[in-house]
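Fold and contact review
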Amino acid sequence: LLELGDWLFPNVHPYWHGLTDPKPAVEWTVSQFEQLKARSNKPIVFKEVGLPSAGDARVDEAKQAEYYRLLLETEVYFVAFEAFDGPWKDWAPVEPYWGLFRADRTPKSAAKVFSQVR
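So, here is what we can say about the structure in this document. Since this is a predicted model, take the numbers as computed values, not measurements. (Residues numbered from 1 in each chain as written. Predicted model: local features only at pLDDT ≥ 70, side-chain atom pairs only at ≥ 80, totals over all residues. Heavy atoms only, no water.)

1. What to know about the pairing of strand β1 (residues 46-49)
Just so we agree on the cut-off: Here, a strand pair is defined by DSSP locating no fewer than two bridges between the strands. Here a strand is any run of E in DSSP of at least two residues, a helix any run of H or I of at least four, and the numbering for each starts at the N terminus. Whether a crossover is right-handed comes down to one check: with the strands pointing away from the viewer, does the path from the first strand over the helix to the second run clockwise; if it does, it is right-handed.
For β1 and strand β2 (residues 78-80), the ladder comprises two bridges, and the chain directions are parallel. Paired with Val49 across the bridge in β2 is Ala80. Between β1 and its parallel partner β2, the chain crosses via helix α2 (residues 61-71), and the hand of that crossover is right-handed.

This is the structure we're talking about:
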């Protein structure tokens, strides 16, 4: 798959690898980026990264915001997953809670992290 296409655009979610604390989650995300860079000279953009903000006692909105704040300090190119919480997602307890905004469209702390980026 590394040879197909003009760029690499994978999903990279530390939560699904048991990481819920922001610093280790960012370190893992950066490691995934560096491993791909070492194997390909194609541009890399992580098309989905993030931590959920609820649905598991180990995560919350503050941890989600800190994950993104720390990740913005790295060289990783990424797209935040996702814009809005999706309450209809029910296959896992955390699935409805990945958004930067709640289902009622009010911003979480993570949205405020991105509003400070220049």
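2. With respect to the environment of Asp85
Rules: We call a residue buried when its accessible area falls under 20% of the maximum for its residue type, exposed when it is over 50%, and partly exposed in between, using a 1.4 Å probe and counting protein chains only. Contacts between residues were defined by any pair of non-hydrogen atoms, one from each residue, lying within 4.5 Å. Identification of polar contacts relies on pairs of N or O atoms within 3.5 Å, with a donor-acceptor requirement for protein atoms, meaning one able to donate a hydrogen and the other able to accept it, and with residues adjacent in sequence counted only if both atoms are side-chain atoms.
With respect to the helices and strands, the residue Asp85 is situated in the loop between β2 and α3 (109-115). Given the relative accessible area of 7%, Asp85 is considered buried. With 26 residues separating them in the primary sequence, Asp85 and Ala111 have C-alpha atoms 12 Å apart. Those residues in contact with Asp85 that sit more than four places away from it in its chain are Pro96, Tyr97, Trp98, Gly99, Phe101, Arg102, Ala103 and Lys108. Reaching out from Asp85, the side chain makes a polar contact with the backbone nitrogen of Trp98 at a distance of 3.5 Å.

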